[in-house]
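# Understanding the architecture of this molecule
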Amino acid sequence: MLRQEPIRRVQIRSRALHPLRAWQFQAFGANSFIDRPAYLYGTRHISIGAGVTILAGSWLSVERPAWGRPDPALVIRDGVTIRTGCTISAAESILIESDVAIGGGVTIIDSRHTWIPGNPNVMAGPLESAPIRIGQGTWLAERATIAAGADIGRECAIGSNTVISGKVPDFSVVVGNPGRIVGSTRA
């Protein structure tokens, strides 16, 4: 059985780490797990609901600019599934509502670096940020990018390699860079 269902092995291995995760994070719900994360930073400012699955190689961070804001800066609600190699970074606030499915390699970042005149290093410039919200039941396909200021409605489908930085109405199917609505998830 375990050989045929690798996710069961991950769940069993992760049960042993649940007390550590509950201590690390502001909240870490029952039956949630993070399998071999690539990077965890600012975990005291992250709230994870119940039944959340975060697979290997993902990056979760709350950057220092958000530490002085009302907590939590990154909220992942119940039943969210995040596949391998995702990056989620909050410098202001990110809300991922319940039952969102996030494909592999997705990037969700609520900030961007800017340049200071005369300094070629973008990391020296001021950080600009805007909150992100991803609505209940939305699906983000592989390698989608959700940028600062994105407000995605409920039960949307965001296509592979799509870039979102603005408002997406409920039940939208969005593809492209920049993302454009091409259909509805309602039959």
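Residues numbered from 1 in each chain as written. Predicted model: local features only at pLDDT ≥ 70, side-chain atom pairs only at ≥ 80, totals over all residues. Heavy atoms only, no water.

## A look at the nonpolar core
Nonpolar side chains tend to gather and get buried jointly when the protein is soluble and globular. Judged by nonpolar contacts, the single largest core of 36 residues is most densely connected at Ile48, Leu60, Ile76, Ile96 and Ile108. For this core, the elements supplying multiple residues, two or more each, are β4 (46-48), β6 (59-62), β7 (74-76), β9 (87-90), β10 (94-96) and β15 (132-134). If we ignore the near neighbours within four places in the chain, the residues touching Ile76 are Ser47, Ile48, Gly49, Val52, Ile54, Leu60, Ile82 and Ile96. (Core = buried A, V, L, I, M, F, W, Y, C linked by side-chain atoms within 4.5 Å. Buried < 20%, exposed > 50% of the residue type's maximum accessible area, 1.4 Å probe, protein only. Helix = DSSP H or I, 4+ residues; strand = E, 2+ residues; numbered from the N terminus. Contact = heavy atoms within 4.5 Å.)

## Looking at the side chain of Ser172
Secondary-structure assignment places Ser172 in strand β22 (residues 172-175). Relative accessible area serves as the criterion here: at 4%, Ser172 is assigned to the buried category. Here Ser172 is in contact with Glu155, Cys156, Ala157, Ile181, Gly183 and Thr185, once residues within four sequence places are set aside.

## Description of the packing of aromatic side chains
Applying the stated criterion across every chain yields a total of four aromatic pairs. Geometrically, the ring pair formed by Tyr41 and Trp67 is tilted, given 5.6 Å between the ring centres and 35° between the ring planes. With Tyr41 in strand β3 (residues 39-41) and Trp67 in helix α3 (residues 64-67), this residue pair connects regions lying 26 residues apart in the sequence. Ring pairing ties together the aromatic residues Tyr39, Tyr41, Trp59 and Trp67, which thus form one cluster. (Phe/Tyr/Trp six-rings, centres within 6.5 Å; stacked < 30°, edge-to-face > 60°.)

## Structural notes on the sheet that holds strand β17 (residues 145-146)
Within the open sheet, the six strands sit side by side as β3-β6-β9-β12-β17-β20. Their pairing is parallel. In this open sheet, the two edge strands, each paired with only one partner strand, are β3 and β20 (163-164). (Pairing = 2+ DSSP bridges.)

## A look at the pattern of salt bridges
Within the structure shown, the criterion is met by seven salt bridges. The partner of Arg112 in a salt bridge is Glu128, with the nearest N and O atoms 3.4 Å apart. Of this pair, Arg112 sits in strand β13 (residues 111-113) while Glu128 sits in strand β14 (residues 127-129), and the two are 16 residues apart along the sequence. A relative accessible area of 40% places Glu128 in the partly exposed class. Residues joined by salt bridges that share partners form a network here, namely Glu97, Arg133, Asp151 and Lys167. (Salt bridge = Lys/Arg side-chain N within 4 Å of Asp/Glu carboxyl O.)

## Quick notes on the pairing of β6
Looking down a regular strand, the side chains alternate between one sheet face and the other. Here three bridges tie β3 to β6, and the two strands are oriented parallel to one another. Bridge pairing links Leu40 to Leu60 in β6. As paired strands, β6 and β9 are joined by four bridges and run parallel to one another. Residue pairing in the sheet places Ser61 in a bridge with Ser89 of β9.

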